[in-house]
Amino acid sequence: MKRTLLYFSLLLGTAVHAQQVLTPEQAIDLALKNNYDIRLAKNDAAITANDYAYANLAFAPRINGTANKVWNNTRTKQEFANGSKRDTSGIHATTLSANVSLAWTLFDGLKMFATRQKLESLRDLGELAVKDQVINTVANIIAGYYNVVQQKQQLRNLSEQLSISEERVKLSDAKFQTGLGPKTDWLQSKVDYNALKASYLRQQTLIDQSKATLNQLMAVEAGNTQYDVLDTIPLNMELSYGGLRQEALQKNTGLMVAQQNLRVSQLQLKESKGDYFPVINFNSAYNYSRVNSNAATNSFSPVYNQNGVLSYGFSATIPIFNGLNVKRQVNAAKLNVGYQQLSLENTRTIVDLSLTTAFKDYEYYKTAVTLEDENLGLARENVMVAMERFRQGVSTVIEMKEAQQSLEDAYNRLINARYNVKLAETQLLRLNGSLVK
């Protein structure tokens, strides 16, 4: 983590005149290393992988051992009916015992096999969840990165508008000073110029806020915004609906996660049904005991006794009645299977709808990009003509303002259209699982 932060600090550099450019690839690389959602998903996957690593031990026997050592100090005084007495005080004895037992389940209704398969499916589910989170994070990074790019383009648009407005102010002032124009033209031009200046300052703030949001996705310091981004938004204009839909139904990670959840629920049902069957175990034990005493308590008691017993056999536990608890668990597992099946079908329809919607957006904004690109050229030419007419005193400041506003609007629409094409393109690639190879 320290190395990553150092790399990011060097990358972003704080020198005003030499800002480093953060590329989309670098932003994605930082997110894949640092993003908290990805790291949490990886941690969950590691837990399920750890459980699966011990899955085969479900087939192994269970062996337990115990050992005991006891010290006894006996003091006994006895008086019998015939008047005789016995005093056996001061007898010390040591008892040592040990036991090793083995229990090996030979049959449990195939429950142990279902458990192993379930752990394997949970491991695969964890890996799919990580992949799904990675794809979603990359999609968010792309959207966040190009949001900064579009905000930068909006700033450039405002800069161009400021230059035009500044020229308007100069022309209006020159006309007013020479008596060729009213003061209201100069006042209106100055008001428009100041409004654009305020918008320019606000746009700089929006860029910093957008960078802070991007930084959060990359899991780096939010306040470190002294870096630049690319100037343009590259677009893929060749996507086709047929190929995207076919791939989405096969590779969409959301669908794959839903399918794996269904698989896990089916194995849980199989696991529950295993409780209907008897459990057959092989049992074995070895018991050892030894007693040492310095004297016998009576003539029939040994001063030394050692035993070693090996026993083995089979046992069967047959479920007869347990309050229908197994039936309840099986019914619950069946309901869960039905739920996961519905969830899978619902996810499939959501993916299909999302793909259709995203592709319609993609097609619309592609057309809009072409149209607005043409409009931008026309609006620029219109501003040049209006400016020249205003300079010559043929047109009014209102006509000039309208032409300038048309240019600003055309520029904004083109920027938004290009950004929305990128969002739709990213969404389509996310849905068909090809955003991350």
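Residues numbered from 1 in each chain as written. Predicted model: local features only at pLDDT ≥ 70, side-chain atom pairs only at ≥ 80, totals over all residues. Heavy atoms only, no water.

(A) Molecular detail of the overall build of the chain. In terms of regular secondary structure, the chain is built from 9 helices and 6 strands. Expected size for 437 residues packed as a compact globule is a radius of gyration near 22 Å; at 40 Å, the chain overshoots this value by more than 25%. Seen through its C-alpha atoms, the chain measures out along the principal axes to roughly 150 × 50 × 35 Å. For the chain, the residues scored as buried account for 35% of the 437 residues in total. Pairs at least 24 apart in sequence give 81% of the contacts found in the chain among residues at least 6 apart. Accessible surface, the chain as shown: approximately 25300 Å² in total, 55% of it carbon and sulfur. The centroid of the 47 positive side-chain charges in the chain is displaced by 13 Å from the centroid of its 40 negative side-chain charges. (Helix = DSSP H or I, 4+ residues; strand = E, 2+ residues; numbered from the N terminus. Rg over C-alpha atoms; globule rule 2.2 N^0.38 Å. Buried < 20%, exposed > 50% of the residue type's maximum accessible area, 1.4 Å probe, protein only. Contact = heavy atoms within 4.5 Å. Areas by Shrake-Rupley, 256 points an atom, 1.4 Å probe, with all protein chains shown as cover. Lys, Arg positive; Asp, Glu negative; His and termini not counted. Charge placed at Lys NZ, Arg CZ, Asp CG, Glu CD.)

(B) Representation of the nonpolar core. Counting residues in each nonpolar core, the largest one holds 71 residues, and the members touching the most others are I141, Y145, L214, M218 and L428. Counting only elements with at least two residues in this core, the list comes to α2 (24-34), α3 (36-53), α4 (111-178), α5 (183-218), α6 (241-251), α7 (253-273), α8 (325-391) and α9 (397-431). Among the nonpolar cores identified, the runner-up in size contains 5 residues, and L158, L162, V169 and L196 belong to it. (Core = buried A, V, L, I, M, F, W, Y, C linked by side-chain atoms within 4.5 Å.)

(C) Summary view of the pattern of salt bridges. As enumerated under the stated definition, the model contains 16 salt bridges in all. Note that K152 is salt-bridged to D228, the shortest N-O span being 3.0 Å. Placement of K152 in helix α4 and of D228 in the loop between α5 and α6 is noted, with a sequence separation of 76 residues between them. Note on K152: relative accessible area 17%, which makes it buried. Across the pair R391 and E388 runs a salt bridge, and its minimum N-O distance is 2.8 Å. Taken together, the residues span about one helical turn, with R391 and E388 both in helix α8 at a distance of 3 residues. By sharing partners, the salt bridges in this structure join E120, R123 and D124 into a single network. (Salt bridge = Lys/Arg side-chain N within 4 Å of Asp/Glu carboxyl O.)

(D) Broad picture of the pairing of strand β5 (residues 279-293). As defined by bridge partners, strand β4 (residues 91-107) adjoins β5 across 14 bridges and the pair is classed as antiparallel. Within β5, the residue paired with A103 across the bridge is N283. Here β5 pairs with strand β6 (residues 304-317) via 14 bridges, running antiparallel. Within the sheet, the bridge partner assigned to S284 lies in β6 and is Y312. (Pairing = 2+ DSSP bridges.)

(E) Molecular detail of the sheet that holds strand β1 (residues 62-74). Pairing in this open sheet of 4 strands is antiparallel, and the strands run β1-β4-β5-β6 from one edge to the other. The strands lining the two open edges of the sheet, one partner per strand, are β1 and β6. Neighbour-to-neighbour, the strand axes of the sheet open up by a mean angle of 10°, direction not taken into account. (Axes fitted to C-alpha atoms, helices over the stretch in contact; angles between N-to-C directions.)

(F) Region of the structure containing unusual backbone geometry. One non-glycine residue, L110, adopts positive backbone phi at about 65°. Residue position: L110 is located in the loop between β4 and α4. Residue L324 is not a glycine yet carries a positive backbone phi of 60°. Relative to the elements of secondary structure, L324 occurs in the loop between β6 and α8.

(G) Main features of α8. In a regular helix each residue adds 1.5 Å, so 67 residues correspond to 99 Å; α8 covers 92 Å between its end C-alpha atoms and thus fits that length. The first or second residue beyond α8 is G393, which carries a positive phi of 80°. (Expected span 1.5 Å × (residues − 1).)

(H) Spatial organisation of the confidence of the model for the chain. Averaged over every residue, the pLDDT of the chain is 89; residues scoring 70 or more account for 95%. Residue range residues 1-17 is modelled with pLDDT below 50. Its contacts to residues more than four positions away, or to other chains, number 24 contacts. (pLDDT = per-residue confidence, 0-100.)

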